[in-house]
Amino acid sequence: MNKSQSGCTGRNTLADTAQKGTEDHAGVHFPPPLIHVAALLCAMGINEFFPLLLPQPELLWWLGPCLFLLALILAVLSFREFFRARNRPPPNQPIRELMTSGPYRITRNPLYLSLALIHGGIGCFAGVAWVLLSLLPTLLVIRYYVIAREEAYLIRRFGESYLDYQACVRRWF
């Protein structure tokens, strides 16, 4: 745990909702990138039958590559922390060490934030409103199917250390 995080207050505990179990992983069996891909494919499919383009998409197309670049930087920095901690990124694998440095000082979920930025970037670049509209339900699935399970697992695995970290660092940004 970073020294700057040790004095945080206002902890929001999820210990009561932590899942009991013997599995040493979060129990997420559908990879989060595939959740985004499925949503993108559905959005593009809907757009084929009910086109819904963004107003003045030429003003937004440049935002897509910018979001993609930001997502790429965030993902590279996040994967570097996984490598340093000797953790494996898939949420159905055990975590050896709690990561609280690098982008994890700012957000508890930098890889999911990266996926959301890519998703939004594709929508802006393509000028397809359905892609942007599909981002909200996708984030809800990520939040309640993936992140909720991961947080419950991390509470079981690291206890007070994770609760302290959780109290100091926001979920998204």
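Analysis parameters
- Residues numbered from 1 in each chain as written.
- Predicted model: local features only at pLDDT ≥ 70, side-chain atom pairs only at ≥ 80, totals over all residues.
- Heavy atoms only, no water.
- Helix = DSSP H or I, 4+ residues; strand = E, 2+ residues; numbered from the N terminus.
- Buried < 20%, exposed > 50% of the residue type's maximum accessible area, 1.4 Å probe, protein only.
- Contact = heavy atoms within 4.5 Å.
- Areas by Shrake-Rupley, 256 points an atom, 1.4 Å probe, with all protein chains shown as cover.
- Salt bridge = Lys/Arg side-chain N within 4 Å of Asp/Glu carboxyl O.
- Axes fitted to C-alpha atoms, helices over the stretch in contact; angles between N-to-C directions.
- Parallel < 35°, antiparallel > 145°, perpendicular 65-115°, else oblique.
- Nonpolar A, V, L, I, M, F, W, Y, C, P; charged D, E, K, R; others polar.
- Disulfide = S-S within 2.5 Å.

A. Region of interest: the overall build of the protein. When you go through the protein residue by residue, the secondary structure sums to six helices and zero strands. When the helices and strands of the protein are listed from N to C terminus, the series reads α-α-α-α-α-α. Counting over 173 residues, the protein shows a buried share of 41%. Across the protein, contacts joining residues at least 24 apart in sequence account for 80% of those joining residues at least 6 apart. In the form shown here, the protein has an accessible surface area of approximately 10100 Å², with 65% of it arising from carbon and sulfur atoms.

B. Region of the structure containing the pattern of salt bridges. For the coordinates displayed, the defined rule picks out four salt bridges. Here E151 ties to R171 by a salt bridge, and the two come within 3.1 Å at their closest N and O atoms. Residue E151 is located in helix α5 (residues 129–158), and its partner R171 is located in the segment after α6 (160–168); the two are separated by 20 residues in the primary sequence. The exposure class of R171 is partly exposed, given its relative accessible area of 21%. Overlapping salt bridges, with partners in common, bring together R108, E151 and R171 in one network.

C. Examining the packing of helix α4 (residues 110–126) against α5 more closely. As a packed pair, α4 and α5 sit with axes 10 Å apart at the nearest point and diverge in direction by 170°. In terms of their interaxial angle, α4 and α5 are classed as roughly antiparallel. Two secondary-structure elements touch here, α4 through Y112, A116, H119, G120, I122, G123 and C124 and α5 through V131, L132, S134, L135, T138, L139, I142, V146, I147 and E150. A per-class count over the contact of α4 with α5 returns 11 nonpolar, five polar and one charged.

D. Fine view of the state of the cysteines. If you walk through the whole model with that rule in mind, you get zero disulfides. Just so you know, C66 is unpaired, no disulfide at all, and the nearest cysteine sulfur is the one on C124, 9.9 Å from it. Relative accessible area serves as the criterion here: at 42%, C66 is assigned to the partly exposed category.

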